[in-house]
Amino acid sequence: MSGAHPIVSRLYDPVMAIPERTMLPEHREYLVADLSGRVLDLGAGTGAMFPYFAGHPEIELHAIEPDPGMRRQAESKAHSLGLPVEISDAGGESLPYEDDSFDAVVASYVFCTIPDPAAALSEVARVLKPGGEFRFLEHVRADGVVGELHDLLAPAWHTVAGGCHLNRETGTMFRTDERFELVDYSQLSGRTMPMIRGTLERRPESQLYRWILDWVPVW
Ligand SMILES: C[S@@+](CC[C@H](N)C(=O)[O-])C[C@H]1O[C@@H](n2cnc3c(N)ncnc32)[C@H](O)[C@@H]1O
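A short tour of the structure in this document, coming up. (Residues numbered from 1 in each chain as written. Predicted model: local features only at pLDDT ≥ 70, side-chain atom pairs only at ≥ 80, totals over all residues. Heavy atoms only, no water.)

## Concerning the layout of surface pockets
What the largest pocket holds in volume is close to 1,000 Å³. Residue lining of the largest pocket: 45 residues in total, with Tyr12, Met16, Tyr109, Cys112 and His139 positioned closest to the centre. When residues of the lining of the largest pocket are traced back to their parent elements, those giving at least two are helix H1 (6-21), helix H2 (25-32), strand S1 (37-42) and helix H6 (144-160). Element by element, the count of residues in the lining of the largest pocket is highest for H1, at six residues. Here the residues of the lining of the largest pocket sort into 27 nonpolar, 14 polar and four charged. (1 Å grid on protein atoms, 1.4 Å probe; cavity = no way out; pocket = protein on both sides within 12 Å on 5 of 7 lines; lining within 4 Å. Points joined across faces, edges and corners; volume = space filled by probe spheres on them. Helix = DSSP H or I, 4+ residues; strand = E, 2+ residues; numbered from the N terminus. Nonpolar A, V, L, I, M, F, W, Y, C, P; charged D, E, K, R; others polar.)

This is how it looks when you write it as structure tokens:
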């Protein structure tokens, strides 16, 4: 959801209540397993990941969330969990953080909504330390006839689902990005709404590339 979607932000937790209790916990556990250090929750929404981060003092959590209604709910969830987290009003395409400043970035159901996903992935690459992990859980376009149905429904879905794109090929974008090594990738069940889950590791940039960035003047 880019911008403010007051109705969607109010309905989000009630609509997600059943999947959050049944199928999502194992995937959300995957996103946080064995993390430590500085971690960014990209597009935190109402703070669905926060209960999974709570009770991990080895994690210094930061979050961004551009929708004010979502952000307010995330702040109140963090407060009730006693979870220290700084939630910034920012979009994934322009992160208010320094280069190489995170040990991990976590994204759940966000790349379907971010208006410019390629720019956001570049920002993930920029803020991750070399060797840092990008962990994701996303829904993607189905194959075959269902994929064609996704294409057909996508404009209406975008309107009612707060800017979400039903038919994005997010998995292809993640798997083919040279800046990351593919550590783990699975396509999860669900013919009508396939999901992907996985981990990319930030490759170190070559010294030559760093040198060029540092020394070539910007005109
Ligand atoms: C479907 S919700 C997912 C929220 C949460 N991550 C979860 O797992 O429930 C998508 C979220 O992406 C946020 N969003 C929209 N545009 C964004 C952008 N440009 N950058 C980062 N997040 C964005 C929305 O406001 C919304 O909270």
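Moving on, there is more to tell.
## Looking at the sheet that holds strand S2 (residues 59-64)
The pairing of strands in a sheet comes from backbone hydrogen bonds and takes either a parallel or an antiparallel form. Across the sheet, seven strands lie side by side as S3-S2-S1-S4-S5-S7-S6; this open sheet has mixed pairing. Bordering the open sheet on either side are strand S3 (85-88) and strand S6 (180-188), each of which pairs with just one other strand. The sheet shows a mean angle of 15° between the axes of neighbouring strands, direction not considered. Pairing geometry for S1 and strand S4 (residues 102-108), over three bridges, is parallel. Paired with Val39 across the two strands is Ala104, which belongs to S4. (Pairing = 2+ DSSP bridges. Axes fitted to C-alpha atoms, helices over the stretch in contact; angles between N-to-C directions.)

Geometric descriptors of this kind do not, in isolation, establish any biological role.
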